[in-house]
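Chain by chain, the residues:
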Amino acid sequence: SWTQEDRWTYFSYEMGVRLHADQIKYAREEGREEGREEGREKGREEGRLDERINTARAMLADNVPIEVISKYLRLSIDDVANLQKQE
């Protein structure tokens, strides 16, 4: 049979273990959410770049000068020139 002090010691230990487990669970969930948000942001950035590249291709097809495309789409002149070579 346990004394009141033994029960209290055991209860305190169990609460500490549960608190630690909850902290780990929360940290994992938080890390996953951060990872998902980083992935979404990376996807948005890639999508914006793809859109700029597609617009640059359309502008090249309309014979817009490379320098103008570079200026307005924030692409390097080399990148636009490489797109022109691919066409």
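Above this text you will find the structure in question.
Since the structure is predicted, the reported quantities are computational estimates derived from the model, not experimental observations.

All right, on to the overall build of the chain then. When its secondary structure is counted, the chain shows three helices and zero strands. Taken from the N to the C terminus, the helices and strands of the chain come in the order α-α-α. For 87 residues, the compact-globule formula gives about 12 Å, and the C-alpha radius of gyration of the chain, at 29 Å, lies well above that figure. Its C-alpha atoms put the chain at 90 × 15 × 15 Å along the principal axes. Expressed as a percentage of the 87 residues in the chain, the buried residues total 13%. Within the structure as shown, the chain displays about 7,400 Å² of accessible surface, and the carbon and sulfur contribution to it stands at 52%. Between the mean site of the 15 positive side-chain charges and the mean site of the 20 negative ones, the chain shows a separation of 2 Å.

Right, let's get into the nonpolar core. Ala-56, Met-59, Leu-60, Ile-66, Ile-69, Leu-73, Leu-75, Val-80, Ala-81 and Leu-83 form the largest nonpolar core, which has 10 residues in total. Every element with two or more residues in this core is listed here: helix 1 (4-61), helix 2 (66-73) and helix 3 (77-86). Not counting residues up to four positions away in its chain, the partners in contact with Ala-56 are Ile-69, Leu-73, Leu-75 and Leu-83.

What follows concerns the packing of helix 2 against helix 3. Where helix 2 contacts helix 3, the two axes come as close as 9 Å, and the packing angle between them is 125°. With respect to their mutual orientation, helix 2 and helix 3 come out oblique. Taken as a pair, helix 2 and helix 3 cross one another with a handedness that is right-handed. Counted together, Ile-66, Glu-67, Ile-69 and Ser-70 of helix 2 and Ile-77, Val-80, Ala-81 and Gln-84 of helix 3 form the full contact between these two elements. For the contact of helix 2 with helix 3, the class distribution of residues is five nonpolar, two polar and one charged.

Basis of the calculations
Residues numbered from 1 in each chain as written. Predicted model: local features only at pLDDT ≥ 70, side-chain atom pairs only at ≥ 80, totals over all residues. Heavy atoms only, no water. Helix = DSSP H or I, 4+ residues; strand = E, 2+ residues; numbered from the N terminus. Rg over C-alpha atoms; globule rule 2.2 N^0.38 Å. Buried < 20%, exposed > 50% of the residue type's maximum accessible area, 1.4 Å probe, protein only. Areas by Shrake-Rupley, 256 points an atom, 1.4 Å probe, with all protein chains shown as cover. Lys, Arg positive; Asp, Glu negative; His and termini not counted. Charge placed at Lys NZ, Arg CZ, Asp CG, Glu CD. Core = buried A, V, L, I, M, F, W, Y, C linked by side-chain atoms within 4.5 Å. Contact = heavy atoms within 4.5 Å. Axes fitted to C-alpha atoms, helices over the stretch in contact; angles between N-to-C directions. Parallel < 35°, antiparallel > 145°, perpendicular 65-115°, else oblique. Left-handed = near helix turned anticlockwise from the far one by under 90°. Nonpolar A, V, L, I, M, F, W, Y, C, P; charged D, E, K, R; others polar.

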